[in-house]
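The primary structure of each chain is shown beneath.
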Amino acid sequence: AVSRHYLSEFSVVCSEKVKEHVIDIMSWIHESVQESCVNYYDRFRRVTFVTPKSLISFLESYKILYKDKQENIVIMSERMSSGLDKLDEAGASVAVLKKDLIEMNKVIAVASEEAEEVLATVEQSKGAAEIVKVEVAEKKGQAEALVKNISAVKEVAEEKLEKALPALEEAEAALKTIKAADIATVRKLGKPPYLITLIMDCVCILFRRKVKPIRPDTDKAFIQSSWEESLKVMSDTSFLRKIVEYPTDLINAEMVDMMVPYFQYPQYTFEAAKVACGNVAGLLSWTMAMSKYFEVNKEVLPLKANLAVQEAKYQKASGDLQEAEDLLLQKEIELADVQRTLEEAVSKKEAVLTEAKKCQDKMDAATALIGGLAGEKIRWTEQISSFKSETDRLVGDVILRTAFLSYTGPFNQEFRSDLQSVWIKQVIEKMIPLSANVNVIDSLTDRSQIGEWNIQGLPTDELSIQNGIIATKAMRFPLLIDPQSQGKVWIKNKEKQNKLIVTALNHKYFRNHLEDSVNLGVPIIIEDVAEELDPCLDNLLDRNLLKVGTQYKVKIGDKEVDWNPAFRCYITTKLPNPAYTPEVFARTSIIDFTVTMRGLEDQLLGRVILTERKELEDERVLLVETVTGNMKKMKELEANLLHKLSTTQGSLLDDVTVIEVLNTSKNTALEVKEKIEIAKVTEAKINAAREEYRVVATRGSVLYFLVCSMARVNNMYQTSLVQFLERFDASMYNSAKTHITQKRIKRIINYLTFEIYRYKSRGLYEKDKFLLVLLMALSIDRQLELITFDEFQTFIKGGAALDLNDCPPVPFRWMTDETWLNLVQLTNLSPFVNILSKVSGNERAWFTWYKKDAPENEIIPDGYNSLDPFRRMLLIRSWCMDRTIAQSRKYIAHSLGERFAEPVVLNFEELILESRELMPMVCFLSLGSDPSSNIELLAKKNELKCHPISMGQGQEIHARKLIMACIEDGGWVLLQNCHLGLEYMVELTIQILELERLGKEASVSQNFRIWITTEPHPKFPITLLQMSLKYTNEPPAGIRAGLKRTYTNLSQDFLDYSQSPFYLPLVYSISFLHTVVQERRKFGPLGWNIPYEFNSSDWYASCLFVQNHLDDLEQGKGISWVTVRYMLGEVYSFKEQEAYLSAIDEMFNVDPPQVYGFHSNAEITYQTNTMRNILDEIMAIQPRESSAGTGESREDRVARQVKEMLSKTPLAFDLFDVKQHLIAMGATSSMNIFLRQEIDRMQRIIILVRTIFKDLLLAVEGTIIMSENLRDALDNIYNARVPTVFKRGSWVSSSLGFWFTELLERHMQFYNWCFGSRPVVFWMSGFFNPQGFLTAMRQEVARAHQGWALDQVTMHNDVLKVGPEECKKPPKEGVFVYGLFVDGAGWDKRTSRLVEATNKVLFTLMPVIHIYAIFSTAAKNPKLYTCPVYKKMNRTDLNYICALWVQSNKPPDHWTLRGVALLCD
């Protein structure tokens, strides 16, 4: 219905019938993915969802993609058709052009003749003009010579006149002071001053006026003046102007001579004149200046005369020159007219030639175009004809493409391929048109685009390329599951040029970043999200746009932001297996970007070559870039050519650029083709050289996936790809160099393998270190094909999958069913095909071998002794699970080397050397592993300050201040118990990342370090773990390793502390004791009921006590040895730390259990449990296998089991009926009250079991919803484990089968007791509250004896020599109980005593025990062993029932050290 709603109106090129099939298949594809989600979870434990919204998105994507592809086909078809039409036009134009060219050639001949005639006339006119030009040049030369001569004379004159200029200027300045009024005043004077009359006489002389004859004036002692004449001169109104404009060249020597006497007159000075006549005194200066001027000018006058003559000559020459130039101009005009005529003739000729050339060019172009595009013409013609069928097939092709983009992102390569195969099959069955060999990669992108992505950092494997396509083409914004940050690096490089914004959900400016990105249309990447997204992203991811006017807005939180269509959002998470909600799956396109084995191998190969053969890798990268660029260029050229052909207006031959584009295309295409061919040869050479080093990359890839798989064992065991690459690069840098390539490769591989083992092992708990090294050996051997997949599966599973009823019968009573099933499974492997017949036919040899303490070291019967260590391990695992660890150590030493069998000892000094300022060091805490004291001692040793702070509520403030202070000033910050401050851990992660981003600008002190201690927590920030150095400080397994660590971490100064002969032995004794009490913990309840923490602080405190005790000893007094054990007789005593370490190295790697005070069987229990746990862990981290060939799904299988169990489950008790029977038996009897309480508890369990079973069947059928409890029940029942809901209020059991059997047996005991008679022997393991049962028994005995107070009545017991079947009557007092097992010892029925356990018999069933009450509170016989009784193997106070007293021929302390107890199960 949904598909029909979306597609019924949508136009698709197909028949109505096909469209109906399309509508049907869209819903079918959605349902097929839903099924795949369930299968994917079953196999890989990865949660994926598809929702109705996913289907809607799928349908919308189909419509968009179909429309785009259809439009693209139409555009390409039109362009190609237009191009072909233009080519046809060009072909038709050639014939017309040939005729035009013949006519043009005739016109060219006529135009050429006319041009020749005009050319002759032009030559004639040119000659005449040249003659005139020569004349003009001569005259011009003469005129220039005259000008030069005149200039020289003029210069001399001016130079001489320059000397007179100051006097003239002085006179002019004086004249300027005289005004007309001043002259008028002088003129009106009746008797002017004598000096004025003299001045005016000089003026008259200069003006050539008549002066009186010279007569002496006796009064003045000078001559008489001509005042009358002076008055006439002054009366002239233009007098002053005439003085100013006086012609100085008219002054002659006579005039000057006449003025000389005046000048010699003593009073004829300017000062005197100023006194006499004020401003008129300026005339005096003027007269004297005129005289001076004359003295100079008399020399200049002849020059001036000469100048005048020369200038006259120049005027004549200029006139002649002008005439000649006029004549030349006339000739040039005539020449220009003729030239114009010539040009017109030539132009006419050239126009015709141009037309002819144009015509020829058109012909050439047409020929070139038709010839050049011959190949394209054929291809385009074929392609146009194929467009029709391509359009028909588009309907099916787009279904696959859209389904791929919409649904395959969260799945791995295997599931993607399977889904596509199923879809293709269904599309073909529905007869929907589909392209043959459809390939989503080729149809959704091209090789040049992929090459560009690879250069930007996208891995080259197929899965990564598919991820790149989904990330860029899918309709929804991508959310990358990217634990190795590969996708993040690619996106950052890809979007760098687009101004990518990098942010995180917990970034303080996250909202601002988001709003800016949406508004500006720039891409944003939200890094390292967890399993929940910020609700403010909902509208953005759903593209819920609001139209406001002509613009669109989107609501982010409570703020409306302008929507830019260019906006693109990327989200990444480092969680390797996040469980996102269906809403997140609906809103985003989730893509599993986890690195693939092949993809990582290629990357590592690049790094190896870059280090070992840098020139090769540089050449390869350049080659990839060149080929990618060339392919892109070829594609652009073809598109450009098609565009040019289709958009050219008019004739194609008129557009020269078309030919240019064609030529460029052809030349470039040839060049590119050559380059690609050369590149192929070069690439082959480079690859051949690179392949030699591939083994290093392959080993690296295997090791990386191994260390990553450890995170599934414990989520704290995170290793980032960056950390791994650091170790990988260090292996090449630090491994021994050699010129022999194969030797060098071997050294790198050996160094790398041990380096990864050392690095990863340091950060694992002790229980997981052996798992790592065993998995490492198995993974490497599987990659080297030394071990087959079937052999590996047999090793981890044994015969657990086989049904005993389908196998041959077990041949011997001493052989367990499990062993026989394992051997049956072994027959599927080639070395063990005949093992069943060989074992059956040689019982004694196999029994003798099996009973040996260490069968792996003995000769295996029937020719199996020659097996290699791994196949030998398979055989040992089948027979003796407890000895598999010992054999696996041999296998590891054989496969990897002896040093891998050695434990990695934590060295804090090395840790510091490896660390950096912004690389936190995280310690995973466990009992006895707090490293605080070591860190503080190390800080003191390095003369640095260590600031410890224990995290918890409110401690973040102090931690923040400490870190900020230490970043600046240096120092160590020790953040303890950080699992109590997870929010601050997230904040610290962001702070470190920000400081790393700032680099040198951050100015972090070189002495700054962060130490973190934490217990494992599922929500601890993965990013912080991936950037940290991780280590554990657990006591290592074994006495040797424990002593080695103790003596490695103490200093020589500590050993030299005291000179007492007792000091060193006592230190060793404490160290040995410390290791023993720690090692006892590994034996579980046998070692310590509660595994107390024995840490290095306890050891240190003990040593300090010894030091103080020895210091306080008085001279000559010895130590009191009361507290010192026999062990002191066996201690080592050396002076040097190195001597201790050497001696410790000589110890055995594996300790016998007797060292810890246990029987050898304790080791069997420990080893068996350890090996089972290891195999369970290996199995848990392997992908689930697909359904068996029967085709039975998980649900069907569980439903079948549930129906079977439901049919066996007893009905609930009728409580009314129970009450009536209890009344009949005596309702107030203490034992009957206890029975009623037990039945009530049993009733709840039965009702719960029946309800869950019924609901589960309904949920599997789909009648009711599968709740969380039902999902848990389904998973656990499938794995044969007890559902969590059953465990609450019931009992602990190792498997569902045992639990259900116990349910039936418990019900039977209660039912028979209530509705039958009181049991003769009670099955003590079948009670919910056995303590209550024993209390009821005490009450019953106390009531039977008058005067017995309950607090005076104590319990006692006797162990009988009979079994429950032999007890026919109940005891007179007390109860008979059975079902108890002795753990840690054996039981001798004959003597009824505790004895040492029989070899390889771990638990012994006790005979019936008579428990009764006595009226006494006195202490029991001290020779009896007080044996605790527990409900289950886990010996805690919750499981403790009581103590029973048993006979023994050894002191009770012996059994206490053995950890002997009685167990109900």
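Source: prediction; values computed, not measured.

(A) Molecular detail of the overall build of the chain. The number of helices and strands found in the chain is 52 helices and 26 strands. Each principal axis of the C-alpha atoms in the chain carries an extent, and together these give about 195 × 110 × 70 Å. The buried share among the 1465 residues of the chain stands at 48%. Surface accessibility of the chain: about 72,700 Å² in total, with carbon and sulfur atoms responsible for 54%. In the chain, the 175 positive side-chain charges and the 192 negative ones have mean positions that sit 4 Å from each other.

(B) Highlighting the packing of helix α6 (residues 194-206) against helix α10 (residues 270-277). Viewed as axis vectors pointing N to C, α6 and α10 meet at an angle of 120°, and their least axial separation amounts to 9 Å. Considering their axes alone, α6 and α10 lie oblique with respect to each other. α6 and α10 meet at a crossing whose hand is left-handed. Together, Leu-195, Ile-196 and Ile-199 of α6 and Ala-272, Ala-273, Ala-276 and Cys-277 of α10 make up the contact between the two elements. Classifying every residue of the contact of α6 with α10 by side-chain character gives 7 nonpolar, no polar and no charged.

(C) Seen up close, the sheet that holds strand β6 (residues 545-548). The strand order across the open sheet formed by 3 strands is β6-β7-β8, and the pairing between neighbours is antiparallel. Among the strands making up the open sheet, the edge pair consists of β6 and β8 (559-562). Each strand axis lies, on average, 40° off the axis of its neighbour in the sheet, ignoring direction. The strands that helix α18 (residues 510-520) touches are β7 (551-556) and β8; relative to β8, the one it contacts most, it runs at about 35°.

(D) Structural view of the pattern of salt bridges. Across all of its chains, the model carries 46 salt bridges by this definition. We note a salt bridge from Asp-562 to Lys-553, for which the minimum N-O separation is 2.5 Å. The class for Asp-562 is partly exposed, based on a relative accessible area of 25%. Across the pair Arg-1172 and Glu-818 runs a salt bridge whose closest N-O atoms are separated by 3.1 Å. Residue Arg-1172 is found in helix α44 (residues 1160-1181), and its partner Glu-818 is found in helix α29 (residues 817-826); the two are separated by 354 residues along the sequence. Using a relative accessible area of 33% as the deciding quantity, one classes Arg-1172 as partly exposed. A single salt-bridge network, built from bridges that share partners, covers Arg-598, Glu-601, Asp-602, Glu-691 and Arg-694.

(E) Quick look at the sheet that holds strand β16 (residues 1321-1323). Strand order in the open sheet formed by 4 strands is β16-β18-β23-β17, and the pairing between neighbours is mixed. Each edge of the sheet is formed by a strand with only one pairing partner; in this case those strands are β16 and β17 (1353-1359). Strand-to-strand twist in this sheet, taken as the mean axis angle between neighbours without regard to direction, amounts to 35°. One ladder, built from 3 bridges, connects strand β18 (residues 1375-1378) with strand β23 (residues 1409-1415); its direction is antiparallel. Across the sheet, residue Val-1377 finds its bridge partner in β23, namely Ile-1409.

(F) Quick look at the pairing of strand β12 (residues 946-950). Alignment of β12 against strand β13 (residues 971-976), held across 5 bridges, turns out to be parallel. Among the inter-strand pairings, Pro-948 is bridged to a residue of β13, identified as Leu-974. Considered for its hand, the β-α-β crossover made up of β12, helix α36 (residues 956-969) and β13 is right-handed.

(G) View of a negative patch on the surface. A cluster of acidic residues, Glu-155, Glu-158, Glu-159, Glu-162, Glu-169 and Glu-172, forms a negative patch on the protein surface. Broken down by secondary-structure element, the contributors of at least two residues to the negative patch are α3 (52-161) and α4 (165-177). If one sorts the elements of the negative patch by residue count, α3 sits on top with 3 residues. Looking at the element boundaries, Glu-169 is found in helix α4.

So, how was this worked out
- Residues numbered from 1 in each chain as written.
- Predicted model: local features only at pLDDT ≥ 70, side-chain atom pairs only at ≥ 80, totals over all residues.
- Heavy atoms only, no water.
- Helix = DSSP H or I, 4+ residues; strand = E, 2+ residues; numbered from the N terminus.
- Buried < 20%, exposed > 50% of the residue type's maximum accessible area, 1.4 Å probe, protein only.
- Areas by Shrake-Rupley, 256 points an atom, 1.4 Å probe, with all protein chains shown as cover.
- Lys, Arg positive; Asp, Glu negative; His and termini not counted.
- Charge placed at Lys NZ, Arg CZ, Asp CG, Glu CD.
- Axes fitted to C-alpha atoms, helices over the stretch in contact; angles between N-to-C directions.
- Parallel < 35°, antiparallel > 145°, perpendicular 65-115°, else oblique.
- Left-handed = near helix turned anticlockwise from the far one by under 90°.
- Contact = heavy atoms within 4.5 Å.
- Nonpolar A, V, L, I, M, F, W, Y, C, P; charged D, E, K, R; others polar.
- Pairing = 2+ DSSP bridges.
- Salt bridge = Lys/Arg side-chain N within 4 Å of Asp/Glu carboxyl O.
- Right-handed = clockwise from strand over helix to strand, strands pointing away.
- Patch = residues over 30% accessible without salt bridge, like charges linked within 9 Å, V, L, I, M, F, W, Y side chains within 5 Å.

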